[in-house]
Amino acid sequence: SKLGVLALRAEALDTLARANRIVFDKTGTLSDREPQIAEIETFDGFARDDALAIAAALERDSGHPLATAFAVAGRTLSASDVHGESGRGVSGRIDGCDWRLGRAQWAAQRDDDDAIWLGDGQRAFARFVLRETPRVDAAQALRELRAQGLRIDLCSGDAEAAVARMGDAVGIDSTAGESRRARQTPEDKLAHVRERQAAGEIVAMVGDGINDAPVLAGADVSLALADGAALAQRAADFVIGGGSLRRIPQAIALARRSRRIVRQNLGWAIGYNLLALPLAASGHVTPWMAAIGMALSSLLVTLNALRLTRLPASATLTA
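Small disclaimer: the values here were computed from a predicted structure and weren't measured.

(A) Spatial organisation of the side chain of D113. In this structure, D113 sits in the loop between α4 (104–108) and β7 (116–119). With relative accessibility at 19%, the residue D113 sits in the buried group. A polar atom in the side chain of D113 sits 2.9 Å from the side chain of W117. Those residues in contact with D113, other than ones at most four positions away along the chain, are A104, R127, A159 and R183.

Structure follows, in structure tokens:
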């Protein structure tokens, strides 16, 4: 709690200490939640403002981090029968017309690229190019995780170019036992985690969206961002508050310290009893001496555990 990390399942702390690979979602997780529209292209004379208004209406209640980019629309339209298509986009009806907003092939029968397309399923009406910015501490957090011995993967539903840009920005090296995976459906992300688990790795997953819920539940241990979807938080073992990714390596460091102290306390308890029991049985230890010794042993174990309440200065500053 002092770190700004809420543990939803206490037993997950031990698994977090043993994790050796961590998988990140991209949009809203490694990136901040303030994407910007860098370019709008329209087709066949379709008005730019109309395209933006339709896109905003379709995305208004989607909860996806990219939806905030369309909040700049000047006009307000109402969409009905809105449905999200996993790995494709969102569809709905506006003023009696059916619209799709998402991947090029699904929305407008165009070749796939890293843009968001507006269409009716056959024709293209507009193309939006969005730009995302990494969270301010994303690169530093990944360096700290790497220093702790974790290998890092990036799995995203976005196109190859967007994933490559984010990977370069935060320093994920696909040639050093790490990977950057594009156009990943929720099923693909879960399959990747299962593959790493089958190879004997302990996998931690970090995500924020509704589509991340299956892989968050399927990973050995999972962390969701507090500014993400409620469903993702319900599926996770930990919730990270404040949007700081540096809390992840700090939580792992604390989990590893907890594991070491548990082992120290168990070692002391076993050693103390192996020494004290023979002495008591042989009459060298009187009952009053045994009672004092047991109380002192319990006090020592408690004081050793209380060391965990002292956080490093850097962790306190971040929290």
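(B) Helix α6 (residues 160–170), seen in detail. Turning to α6, its buried residues are A162, V163, M166, G167 and V170. Along the long axis of α6, the arc covered by the buried residues comes to 135°, so they all point the same way. Exposed residues on α6 whose side chains face more than 90 degrees from its buried face are E160 and D168. Along its buried surface, α6 packs onto α2 (26–30), α5 (138–147), β9 (151–155) and β10 (179–181).

(C) Spatial organisation of the pairing of strand β8 (residues 124–131). Extensive coverage of β8 is indicated by the burial of seven of its eight residues. Where strand β3 (residues 36–42) meets β8, six bridges bridge the pair, whose relative direction is antiparallel. Looking at β8, one finds that I40 is bridged to F128. In terms of strand pairing, β7 meets β8 through four bridges, oriented antiparallel. Among the inter-strand pairings, I116 is bridged to a residue of β8, identified as F128. The hairpin turn running from β7 into β8, its antiparallel successor, is four residues long, and G121 in that turn takes a positive phi close to 100°.

(D) Region of the structure containing the pattern of salt bridges. Under the definition given, this model contains 25 salt bridges. With its nearest N and O atoms 3.4 Å apart, the salt bridge here joins R9 to D237. In this pair, R9 sits in the loop between β1 (5–7) and α1 (12–18) while D237 sits in the loop between α9 (230–235) and β13 (238–240), placing the two residues 228 residues apart along the sequence. The shortest N-O distance in the salt bridge between E144 and R246 comes to 2.7 Å.

(E) Looking closely at the nonpolar core. Among the nonpolar cores identified, the biggest contains 34 residues, and L16, I22, F24, L30, L223 and I248 are the most heavily contacted of them. Once you skip the residues sitting within four places of it in the chain, I22 turns out to touch L145, L150, R151, I152, D153, A204, V206 and I248. Core analysis: the next-biggest nonpolar cluster, separate from the first, contains 24 residues, L77, L101, I116 and L118 among them.

(F) The arrangement of the environment of V301 in detail. Counting through the fold element by element, V301 comes out in helix α11 (residues 287–306). A sequence separation of 134 residues divides V301 from G167, and the C-alpha atoms of the two residues are 44 Å apart. Excluding residues within four positions of it along the chain, V301 makes contact with N265 and W268.

About the cut-offs
Residues numbered from 1 in each chain as written. Predicted model: local features only at pLDDT ≥ 70, side-chain atom pairs only at ≥ 80, totals over all residues. Heavy atoms only, no water. Helix = DSSP H or I, 4+ residues; strand = E, 2+ residues; numbered from the N terminus. Buried < 20%, exposed > 50% of the residue type's maximum accessible area, 1.4 Å probe, protein only. Polar contact = N/O pair within 3.5 Å; in protein donor to acceptor, adjacent residues only side chain to side chain. Contact = heavy atoms within 4.5 Å. Arc of directions from axis to C-beta. Pairing = 2+ DSSP bridges. Salt bridge = Lys/Arg side-chain N within 4 Å of Asp/Glu carboxyl O. Core = buried A, V, L, I, M, F, W, Y, C linked by side-chain atoms within 4.5 Å.

Everything listed here is a matter of geometry and, on its own, says nothing about what the molecule does.
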